[in-house]
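Fold and contact review
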Amino acid sequence: MSKVKLDEIDHQILDMLIDNTRTPFTDIAKKLLISAGTVHVRVKKMEEAGIIKGSSLTIDYVKLGYSFIAYVGVFLEKTHQTKFVLERLNEIPNVTVAHITTGKFNIFCKIRAKDTTHAKNIIFKIDDIEGISRTETMISLEESINDKKRLMHKIFNEL
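Computed from a predicted structure; not experimentally measured.

**Comments concerning the UniProt feature "domain: HTH asnC-type" (unreviewed entry) in the chain**
Sites flagged by UniProt as "domain: HTH asnC-type" (unreviewed entry) map to residues 6–67. Here residues 6–67 runs as 53% helix and 0% strand, with 38 Å between its end C-alpha atoms.

Written as structure tokens, this is what we have:
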């Protein structure tokens, strides 16, 4: 698969959309001194190329009462159980991210909970999944870096 060529205008459009996916194309066009139609065409081109995949909201889970974050390393009895275990993890809404990994764990998950008691119950649910031999949990004390732009700018500079 060949890399898609993006120019400086595309970079600036992406930069603004990362800040706020709801930014109207007319606002982007005014800032970049181009037409809203041009913004629309370029965004459509990046969507068709798979560079832009949908758009999303950022939810403040703390304000919703879910301030506890933990990472759970999952050890499987057999690696061929990976797909089955991932399907079961997907049934637990508090498991917000899961990665198949190399190294110490077979699967590495992020969970969100209200407090330690709630997290304990979620971890017990994970432990009860058939095919999991054990888990290891790390509690997040603080999310210190969550930057969506730095890597994008590095990639742009490499192009």
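Now, onward.
**Points about the nonpolar core**
Counting residues in each nonpolar core, the largest one holds 19 residues, and the members touching the most others are V74, L89, I111 and I126. Residue assignment for this core shows that the elements contributing at least two residues are β1 (68–76), α4 (82–90), β3 (107–113) and α5 (116–127). Ranked by the residues each element gives to this core, the list is headed by β1, at five residues. When near neighbours in sequence (up to four residues on either side) are disregarded, V74 contacts F105, N106, I107, C109, I126, I132, R134 and T135.

**Some thoughts on the domain arrangement of the chain**
Domain assignment breaks the chain into domain 1 (8–56) and domain 2 (61–140). Taken over C-alpha atoms, the centre of domain 1 sits 36 Å from the centre of domain 2.

**Details of the side chain of K149**
Within the secondary structure, K149 sits in the loop between β4 (132–139) and α6 (150–158). Under the relative-accessibility criterion, K149 is labelled buried at 18%. There is a polar contact of 3.2 Å between the side chain of K149 and the side chain of D15. At a separation of 2.9 Å, a polar atom in the side chain of K149 contacts the side chain of D19. Setting aside anything within four residues of it in sequence, one finds K149 in contact with D15, I18 and D19.

**Focus: the packing of aromatic side chains**
In the structure shown here, the tally under the stated rule is three aromatic pairs. Where F75 meets F105, the ring centres are 5.2 Å apart and the plane angle is 65°; that geometry is what we call edge-to-face. Of the two residues, F75 is situated in strand β1 and F105 in the loop between β2 (95–100) and β3; the sequence distance between them amounts to 30 residues. Aromatic pair F105 and F108: ring centres 5.6 Å apart, planes at 35°, arrangement tilted. Overall, the relative accessible area of 11% leaves F105 in the buried class. Residue class for F108 comes out partly exposed when judged on its relative accessible area of 24%. Each member of the aromatic cluster is reached from another via a ring pair, and the members are Y71, F75, F105 and F108.

Cut-offs and rules
- Residues numbered from 1 in each chain as written.
- Predicted model: local features only at pLDDT ≥ 70, side-chain atom pairs only at ≥ 80, totals over all residues.
- Heavy atoms only, no water.
- UniProt positions renumbered as here; feature names shortened; annotations may be inferred.
- Helix = DSSP H or I, 4+ residues; strand = E, 2+ residues; numbered from the N terminus.
- Core = buried A, V, L, I, M, F, W, Y, C linked by side-chain atoms within 4.5 Å.
- Buried < 20%, exposed > 50% of the residue type's maximum accessible area, 1.4 Å probe, protein only.
- Contact = heavy atoms within 4.5 Å.
- Domains from an automatic or database assignment.
- Polar contact = N/O pair within 3.5 Å; in protein donor to acceptor, adjacent residues only side chain to side chain.
- Phe/Tyr/Trp six-rings, centres within 6.5 Å; stacked < 30°, edge-to-face > 60°.

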